[in-house]
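Architecture and fold: a report
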Amino acid sequence: MMKSIDGAKFREMIISGADNLRQHAGYVDSLNVFPVPDGDTGTNMNLSLTSGASEVEGLDEKHIGEVGKHFSKGLLMGARGNSGVILSQLFRGFSKAIVDEATLDARTFASALDKGVKTAYKAVMKPVEGTILTVAKDSANIALESTDTDDMIELMSAVIKEAKASLKRTPDLLPVLKEVGVVDSGGQGLVYVYEGFLAALKGETIAKKVSNAEENTEDFVDDHHEFDDFMTEDDIEFGYCTEFMVRFQEDKRTFDEDTFKSEMSDFGDSLLVISDEEIVKVHVHTETPGEAFTYGATYGELLKVKVENMREQFREIQKKKESKKQEKKSYDTAVITVSAGDGVKKIFESMGSTHVISGGQTMNPSTQDIVDVVKNDDVKNIIVLPNNKNIIMAAEQAKYMVDVELKVIPTKSIPHGLAALIAFSPDVEIDENVESMMAALEHLKTGQVTHAVRDTTIDGVSIKKHQHMGIADGKIITSKDSREDSLTELISSMLDDDSEIITVLIGEDGSEEELERVIERIEEENDEVEFEVHAGDQPVYSYLLSVE
């Protein structure tokens, strides 16, 4: 029986939850309702939770309130997409509830889960049932009702049982889930997190997947070597980031992971070891990479090796920082736009965007990414154009991380962003700009063409894998084998008697010749509309368009 947990145990739970979610992120992605080539819920939740776990991973703290504060901060900074932001809010409320607690028993843990749910619901402008919110709420309610146990393991088991039951009910609450035949992806992600928590409470380890021996060593560790501003080169005790893989051989030393880790730790710090029956992969910061390789070779054949000089990296980073300081710019109002595609980026910059972040459907920027883009400039106000509905919440969280006024225009697509930016004037106050930019979105119709990644039926439209879907303002209008036919039908469905201008951005997979044929077909029936065509070079969407 476990009657309470301290900060050290909570840290283990966080890391275990992150590991379990990471293992299943691909499956969570596959549950996304729309069959478009993004599938980002699992990815966003994984990256968000990993950011929180990284914040506590090296923390030597037994006060659970302190661990919660660090975890919440990491989640907030790394939150990506709606699912990641909601996850960060769940644990923001949880962490606030336990801030003064040294340990948690079953009752305070249950209460903290409930506070997390209330915080998350408040953060969402229009909460929708049948989502991660419902799964979190139902499982927290069971925790509150489980007054007959003071065993943390028993309580967490009850929470997971109800979370799974609630997840199973999500299609009954959200008809589109039932139509597509899936459960809510965010709710599934939360179940994996809670299962990781329980594993840590039981003292179990989440098994890490190891790729085959041919995997590139560069993918082993996402080790970007970020250095704190107060560091000097002398603070780097072990200067070489060293990675290698060994394939075990029968005539070499017999591998025992505990012994291997113990002896490898003598070479330096930041040690990470992952192994299976055939190979071991190693990451370590050391002063003697050659000796580390020699030691590894006593177990078998070296497959991949990589060494990076972190002192040289530090010097290069310092040079870049100095260069940025010299290039510091001043803006009364900085306009941050999220863009995908070189062509789209150039258009945004030409229209007055002061900062462009690369991101979009397949990689949502985090709250930290949005804040970082202006941290080296002198800005008085900030306007953010997310240009994707899944980035709006992360942009809203940036308000709490800057010392200047930040406004988010809820642009849900690239065409939305372009329309809003046309209405922007650097010569007026931020509130007047926000009013004008919001007004520019009121009557704008937007559309996109992309390919389907699976068979499904949505809103009565039968969709086959690899077909080209035409989507108008978030609703799938058509799905055809011919992309030209799909684009033509999409545009026709968006036109009315007041339509005057159709703006089209050609993506990476789009074709000028194909678009010209579509324009000819449209103009045969609608001779009063005008087309504006730009090379957007955006991924995922063959064509993006707006009708005004």
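Residues numbered from 1 in each chain as written. Predicted model: local features only at pLDDT ≥ 70, side-chain atom pairs only at ≥ 80, totals over all residues. Heavy atoms only, no water.

Summing up its helical and strand segments, the chain has 19 helices and 18 strands in all. Over its C-alpha atoms the chain spans a radius of gyration of 26 Å, differing by no more than 12% from the 24 Å that the globule rule assigns to 548 residues. Principal-axis analysis of the C-alpha atoms gives the chain an extent of 80 × 60 × 50 Å. Per-residue burial for the chain yields a buried fraction of 52% across its 548 residues. Of all intrachain contacts in the chain linking residues separated by at least 6 positions in sequence, the fraction that spans at least 24 positions is 71%. Carbon and sulfur atoms provide 46% of the accessible area of the chain, an area that totals close to 25,900 Å². (Helix = DSSP H or I, 4+ residues; strand = E, 2+ residues; numbered from the N terminus. Rg over C-alpha atoms; globule rule 2.2 N^0.38 Å. Buried < 20%, exposed > 50% of the residue type's maximum accessible area, 1.4 Å probe, protein only. Contact = heavy atoms within 4.5 Å. Areas by Shrake-Rupley, 256 points an atom, 1.4 Å probe, with all protein chains shown as cover.)

With that settled, consider the packing of aromatic side chains. The tally for this structure, following the rule as stated, stands at 15 aromatic pairs. Ring centres 6.2 Å apart and planes at 85° place the aromatic pair Phe-10 and Phe-71 in the edge-to-face group. Of the two residues, Phe-10 sits in helix 1 (residues 7–30) while Phe-71 sits in helix 3 (residues 64–78), which places them 61 residues apart along the sequence. On the basis of an interplanar angle of 65° and a centroid distance of 6.1 Å, the ring pair of Phe-91 and Phe-94 is categorised as edge-to-face. Here Phe-94 and Phe-91 lie together in helix 4 (residues 81–97), a separation of three residues that amounts to about one turn. Accessibility expressed as a relative area gives 2% for Phe-94, which makes it buried. Grouped by ring-pair contacts, the aromatic residues Phe-10, Phe-71, Phe-91, Phe-94, Phe-109, Tyr-194 and Phe-197 constitute a single cluster. (Phe/Tyr/Trp six-rings, centres within 6.5 Å; stacked < 30°, edge-to-face > 60°.)

Another aspect to go through is the packing of helix 2 (residues 41–57) against helix 4. Across the interface, helix 2 lies against helix 4 with an axial gap of 7 Å and an inter-helix angle of 40°. Pair helix 2 / helix 4 crosses with right-handed handedness. Facing Thr-41, Asn-44, Met-45, Ser-48 and Leu-49 of helix 2, the residues of helix 4 in contact are Gly-81, Ser-83, Gly-84 and Leu-87. (Axes fitted to C-alpha atoms, helices over the stretch in contact; angles between N-to-C directions. Left-handed = near helix turned anticlockwise from the far one by under 90°.)

So, about the pairing of strand 3 (residues 240–248). As judged from the eight bridges shared by strand 3 and strand 5 (residues 279–286), these two strands associate in the antiparallel manner. Across the sheet, the residue bridging to Phe-244 is Val-282, located in strand 5. Where strand 3 and strand 6 (residues 300–309) come together, nine bridges link them in antiparallel fashion. Residue pairing across strands places Thr-242 opposite Val-307, the latter belonging to strand 6. (Pairing = 2+ DSSP bridges.)

The subject of this paragraph is the pairing of strand 17 (residues 530–535). For strand 16 (residues 501–506) and strand 17, the ladder comprises six bridges, and the chain directions are parallel. Considered in strand 17, the bridge of Ile-501 is made with Glu-530. Where the polypeptide runs from strand 16 across helix 19 (residues 512–525) and back to strand 17, its parallel neighbour, the crossover connection is right-handed. (Right-handed = clockwise from strand over helix to strand, strands pointing away.)

Spatially, the four strands line up as an open sheet ordered 4-5-3-6, and their pairing is antiparallel. This sheet does not close on itself; its edge strands, each paired only once, are strand 4 (268–275) and strand 6. Pairs of neighbouring strands in the sheet enclose a mean axial angle of 10°, with direction left out of account. In the packing of helix 10 (residues 257–264) onto the sheet, contacts are made with strand 3, strand 4 and strand 5, and the angle to strand 4 comes to roughly 160°. Its contacts with the sheet put helix 11 (residues 289–296) on strand 3, strand 5 and strand 6, and the angle it makes with strand 3 is roughly 15°.

Scanning the model with the defined rule gives one cavity of 30 Å³ or more in all. Its volume calculated, the largest cavity comes out at about 60 Å³. What lines the largest cavity is Leu-90, Phe-91, Phe-94, Leu-113, Val-117, Ala-136, Ala-140 and Tyr-194. If you list the elements that add at least two residues to the lining of the largest cavity, you get helix 4, helix 5 (106–123) and helix 6 (132–145). Residue contributions to the lining of the largest cavity peak at three residues, all from helix 4. Taken together, the residues of the lining of the largest cavity break down into eight nonpolar, no polar and no charged. (1 Å grid on protein atoms, 1.4 Å probe; cavity = no way out; pocket = protein on both sides within 12 Å on 5 of 7 lines; lining within 4 Å. Points joined across faces, edges and corners; volume = space filled by probe spheres on them. Nonpolar A, V, L, I, M, F, W, Y, C, P; charged D, E, K, R; others polar.)

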